[in-house]
Structures are given as structure tokens and as C-alpha cells.
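Understanding the architecture of this molecule
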Amino acid sequence: MPQPPAVDIQNFVILSAILFIMGVVGVLIRRNAIMIFMSVELMLNPANLALVAFARQWGEVNGQLIVFFVITVAAAEVAVGLALIVAIFRTKQTIDIDELHAMEG
Amino acid sequence: MSLEAILFFIVAVIAVGSAAAMLTSRNAVHSALFLVVNFACVAFFYLMLNAPFLAMIQITVYAGAIMVLFMFVIMLLGAEKLGTGPVHYAWLAPLGSLLAAVFIVVAMFVIVNGKIGSLQPVPHDPELRVVHALPGAPALDIYMNKVKALKTLDYTQATEYVRVPPGRYFVNFYPACANGATCPDPIATNAKPVATAVFDLAPETSTIYVVAGKPAAPQVYTVNTTQDRSVMADETNARVRAINALPESAPVNLVVIDPATGTAGQTLVNSLPSGKVSDPVELPKGTYDLVWIRGADRVAASNDLRLNPKTAELIVLTQEANGAAIRDTSISVEPTLVAETFGSPQQIGISLLSTFLLPFELVSLLLLAAMVGAIILTREEVTRRVRERRVVTEGALRINRARAEAAQANVPQTNAESSAD
């Protein structure tokens, strides 16, 4: 098992929480669909950071492997999500989510 | 404050600042560039946390491939300034910010009160393997606390490392039951074991037990190999450890023989008494001829012993039954891999191709599905538009036909048109 980390894991987790919240705020307040999508990426990253930090604390490599899978799934998600955005833009001529309320009751 | 802590706080401020700039900038291209800065900061944290492989993945896949895709779509759609028009849901922004503030207070409370930094990992279970070096004995089944734990261990063979819960085990070695044959349960019939031993297993240790000695009076020797399996500084070396398992013997030396001249070279182990285990010796990888020497006599030899890098090997000096006679021999136990450096690409790769093989395959299938999905999504759009156009032209043709019929029948045109609709 490696030496104890030079910086306390708690600092990494606090930073993760802050960055995650900023991603949440981005999803809630931005109206450009691409910006919302980027904010989701911003939320995924601190989750990965927390996983790597705990992997380091535990001396277990499994946390890092989960991050590897998260990054792979994020790549797949971005490919499909951006294709969706392009398709929506072609039909509606906008990606402002306030304009896209066709399913509103 | 240590250098690491100062670096951490500088990069943390950059990460939070770039995230804030990403959220507030009106131009989506600027936001994407700020997000790249944020990803680079996270990659730096990965490096600080002994995850160099993930740091490289973060840079290449996230900051590279994914952000290029984002940039491409922003440019393709001309979406730099979209989403800045009149606001429909003005109450969402203050409410969202309020919820975020509540969330961050709760998260801080949990993190600080949970004392995350002082949590301790659960210790690993001890691991053990058994080597059969008892001359003249049959293959062995091994019962730990009266439960069959390992079966059919042949002479000169070794089991894999197995993990068991820590504790004290009373171990009996019984002759193995031949494949397919039905044998009486030695525990139920109270059979006499070939050998018995007590294993005391502490957490976070690796141990090799060597069954050796005289056929009439077997001995079980304990070799603590925790150090043997620890990370190796020089990755081209191999570790060698020797045990003198002869029942009665003067101290012996283990010597490397020079293959060209056949004379004794480097002495690996000096005067190893009977029943003792040497310290591990690191040797460069390669093929060696090793010989046990007592005084001037060559007792036994392990010839053409291949040492692979990053492996740990155990060499046992014991006896073998040769008909009625018994002579000394040297056994090299099948080597095991030394632990990899934490978070190294090798360690990640080994885990990916062993423990995580199924998720790895599933994720590759998911990527394939995502690729197909992206193509279908864009193709579907084209086919749908074609279909729409066809509906429109068919409708127009029908109206025209109705108009022509109405003109011929002198019926008022408006009625025909409404019926066509």
C-alpha cells in the first residue's frame, strides 16, 4: 500500500462537492442545451475525482477502474447526446430549452 | 504547509475559477475552453493521487476528444450565443442557486463531520500457498479446520495463493482422493493424516507453507513472503528466496554456477542451517544454474532456472524418493508475480483483464451501440424529412385533383376544397 497522501483526502472531497454544485447550477440556470450538456460533464468530473481520492486513501485500485469506466461511458454519452442536439436543431432551428416545450401540458 | 498542499490550493482555486467562468460566460466557445482548463486541473489532481494512467486518459479523452466534439457541434450549429434571448422561466435561476447553496451546506456538514480523512481501509485477508516437498508421499488433500480447502497437490507442486479469513487454522494433510474415485471422508473416519500443522494467519500477510522432512516424520516449514510480494524498485529484477528443508544437515550455501566454466560464482545464500529460510535476494532477470553446496560437496542443483522480471521464486532443498533410496534434490516453486506500483498502467491493465473483464467488454459494446445510435439519429432525421415532403406533395396533388373535378361538375369550389381537407 502506498504512503498516506500528502494532502488530506477531505480537501479533495470538499473540492469535488464544490465543483459538483457548480455543475448543478449550470444545468439549472443555463438555457443553451450545449451549455447544459457541458455542465453535466462538469458534474461527472468531481465524482471521478472523489472516487480517485478514496481509491488513494484505501490503497485499492478498484476506484480508479470505476473512473476508467465512467470516462468511457461519458464518451459514449457525449456522442449520442450531441447527435440528439444536432437532430433537434435541424427540426426546431433552436437549442434554447425554453423554446423546446413541445411536450408541455 | 507542504509543497503539495500549496500546489493543491493553487490548482483548486484555478479549477473553481474556471468552472465559475464557464458558467457565467455568454459565449459557448469560451465556456468550452474554460471547461478544458477545468479538466486539466482535475488531471493534475489525478497525478497528485497516484493515478498517472487516469490523468493521461483525462487529458486525451476528456480534454481532447470530448471537448473537440463539443467545439465541433457549437461551431456547426452556430450556437455560440444561443440561449441568451428573452427569459421564460425567470424564477428558475434564483431557485436553482438557492437549492445549490443548501446542497453545499449539507455536503460540507457531512464531509467535515464524517471525518473522511481519518477513515481506515479494511485490511486484506491473508494469503497462503502450500508446497509439497515431502519425499515418498502421495498427492495431498489439505483440510483446514476439518474442511477440504485445497485438493490433489502433487510432489514438487505448489498451490496458487489463496485468500482466507485471518485466524488460527488446524491443518491436516491427507492422501488425495483419485479423480472420480469415491473415498471415505478422512475426517469422518478419523484417518491418520500424513502431516499436521497449525497456520496462524494475520491480516495483510502472504505465507508459503512447505511440507517437507523425513517421510516418517514430516515437518511443515513457514516462509513469510509478505516482503517477497511487495513492490520492487528495479523492475528488471526477480526475487529469490531459499529454504533448507533437509531434516538433518550441516549449513549449506546456495551458489550461482557460471555456465561457461562450470565453476562456482556468486554466493546467494551463505550457510543456511537446516529448517531455516533465507532473506530474499534480488537477481537480474535471466537463466541461472543454482547449486546447493555443503562444504566442498555439491548437494543438489536447480539447472536452467529461468527468472522472469517482477517475480518471486522460492527454492527448496529437500529430498526425493528414488526407489528405496532417498537423495537430496532442489525444487523451484512456480513463481508468483510481485505487486505492481499503485495506480500504474500495469496494475490497471491487470485488473481490467482479470477482475473487470466483463464490465470492460460491456463498455466496449456500449461504445459500439453509441456509435450506431449517433449515426441512426442523424439518418432518421433525413428519412423523416423526406417522408414529410412526400406527404405534402401527395396532399397538394389530391387538392388539385379535387379542384379539377369540382370545376368539371360546376359544384361550388369551396365545398370541394373543404371535403378534400
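Numbering of residues starts from 1 in every chain and runs along the sequence as written. As they are written, the chains are lettered A onward and the ligands numbered 1 onward, keeping that order. Totals for whole chains, interfaces and linings use every residue, but because this is a predicted model, local features are given only for residues with pLDDT of at least 70 and side-chain atom pairs only at 80 or more, for both listing and counting. By convention in this description, side-chain values take in all heavy atoms of the structure and omit both hydrogens and water.

1. What about the sheet that holds strand E13 (residues 286–294) of chain B?
All names here are of chain B. One bridge is not enough; two strands pair if DSSP finds at least two bridges between them. Secondary structure elements are defined from DSSP: runs of H or I of at least 4 residues count as helices, runs of E of at least 2 residues count as strands, and each element is numbered from the N terminus. Across the sheet, which stays open at both edges, the four strands sit in the order E11-E10-E13-E14 with antiparallel pairing between neighbours. Only two strands of the sheet have a single partner each, and these edge strands are strand E11 (264–272) and strand E14 (297–307). Each strand axis lies, on average, 20° off the axis of its neighbour in the sheet, ignoring direction. In terms of strand pairing, strand E10 (residues 252–257) meets E11 through four bridges, oriented antiparallel. Note on E11: the bridge partner recorded for Ile257 is Ala264. All axes here are fitted lines through C-alpha atoms, helices being fitted over the stretch that makes contact, and every angle between N-to-C directions spans 0 to 180 degrees.

2. Brief notes about the interface of chain B and chain A
Residues count as neighbours in contact if any of their non-hydrogen atoms are within 4.5 Å of one another. On the side of chain A, 77 residues touch chain B, which itself brings 90 residues to the contact. Accessible surface is computed with a 1.4 Å probe, and the buried area is the amount of it that two parts give up when combined, taken over both parts together. Where chain B abuts chain A, roughly 7500 Å² becomes buried across the two surfaces, and 77% of that area is made up of carbon and sulfur atoms. Should a side-chain nitrogen of Lys or Arg be within 4 Å of a carboxyl oxygen of Asp or Glu, the pair is scored as a salt bridge. If you look at where chain B meets chain A, you find zero salt bridges. At the level of elements, helix H1 (3–24), helix H2 (28–48), helix H3 (52–77), helix H4 (92–113), helix H5 (345–352) and helix H6 (357–409) of chain B are the ones that each hand at least two residues to the side of chain B that touches chain A. The nonpolar class holds Ala, Val, Leu, Ile, Met, Phe, Trp, Tyr, Cys and Pro. Asp, Glu, Lys and Arg form the charged class, and all remaining residues, Gly among them, are polar. A class-by-class count of the residues in the side of chain B that touches chain A yields 64 nonpolar, 20 polar and six charged.

3. Some words on unusual backbone geometry
Residues and elements named next belong to chain B. Unlike most non-glycine residues, Lys146 shows phi in positive territory, near 70°. Within the secondary structure layout, Lys146 lies in the loop between strand E2 (140–144) and strand E3 (147–153). Take Lys146: its relative accessible area is 61%, and that puts it in the exposed class. With a phi angle near 50°, Thr152 is a residue other than glycine that sits in the positive phi range. By the secondary structure assignment, Thr152 is in strand E3. To sort residues, take the accessible area from a 1.4 Å probe on protein chains only and compare it with the maximum for the residue type: under 20% means buried, over 50% means exposed, and anything in between is partly exposed.

4. Re the packing of helix H1 (residues 9–29) of chain A against H4(B)
Look at H1(A) against H4(B): their axes get within 9 Å of each other, and the N-to-C directions meet at 165°. Taken together, the axes of H1(A) and H4(B) lie roughly antiparallel to each other. With respect to the hand of their crossing, H1(A) and H4(B) are arranged in right-handed fashion. Contacts between H1(A) and H4(B) involve Gln10(A), Val13(A), Ile14(A), Ala17(A), Ile18(A), Phe20(A), Ile21(A), Val25(A), Leu28(A) and Ile29(A) on the former and, on the latter, Leu92(B), Ala93(B), Gly96(B), Ser97(B), Ala100(B), Phe103(B), Ile104(B), Ala107(B), Met108(B), Ile111(B) and Val112(B). When its residues are assigned to classes, the contact of H1(A) with H4(B) shows 18 nonpolar, three polar and no charged. Any angle that is under 35 degrees is reported as roughly parallel, and any over 145 degrees as roughly antiparallel; angles of 65 to 115 degrees are reported as roughly perpendicular and all others as oblique. For any pair of crossing helices, the crossing counts as left-handed if the nearer helix is rotated counterclockwise from the farther one by less than a right angle, and right-handed if it is rotated clockwise.

5. Some remarks on the packing of aromatic side chains
Put simply, two rings from Phe, Tyr or Trp (the six-membered ring, in Trp's case) pair if the centres are within 6.5 Å, and we call them stacked under 30 degrees between planes, edge-to-face over 60, tilted for the rest. This model, assessed by the stated rule, comprises 14 aromatic pairs over all chains. A centroid spacing of 5.7 Å and a plane angle of 75° characterise the contact between Phe68(A) and Phe69(A), whose relative ring orientation is edge-to-face. The exposure class of Phe69(A) is buried, given its relative accessible area of 10%. The interplanar angle of 70° and the centroid separation of 6.3 Å between the aromatic rings of Phe44(B) and Phe45(B) together place this pair among those described as edge-to-face. We classify Phe44(B) as partly exposed; its relative accessible area is 27%. Residue class for Phe45(B) comes out buried when judged on its relative accessible area of 0%. Taken together, Phe12(A), Phe8(B), Phe9(B), Phe44(B) and Phe45(B) form an aromatic cluster joined through their ring pairs. Put simply, a charge is over a ring when the Lys NZ or the Arg CZ is close to the ring centre, within 6 Å, and near the line of the ring normal, within 35 degrees. Its guanidinium or amino end placed over the ring of Tyr161(B), Arg129(B) lies 5.3 Å from that ring's centre, counting from NZ or CZ. Directly above the ring of Tyr161(B) sits Arg229(B), whose terminal nitrogen or CZ lies 4.2 Å from the centroid.

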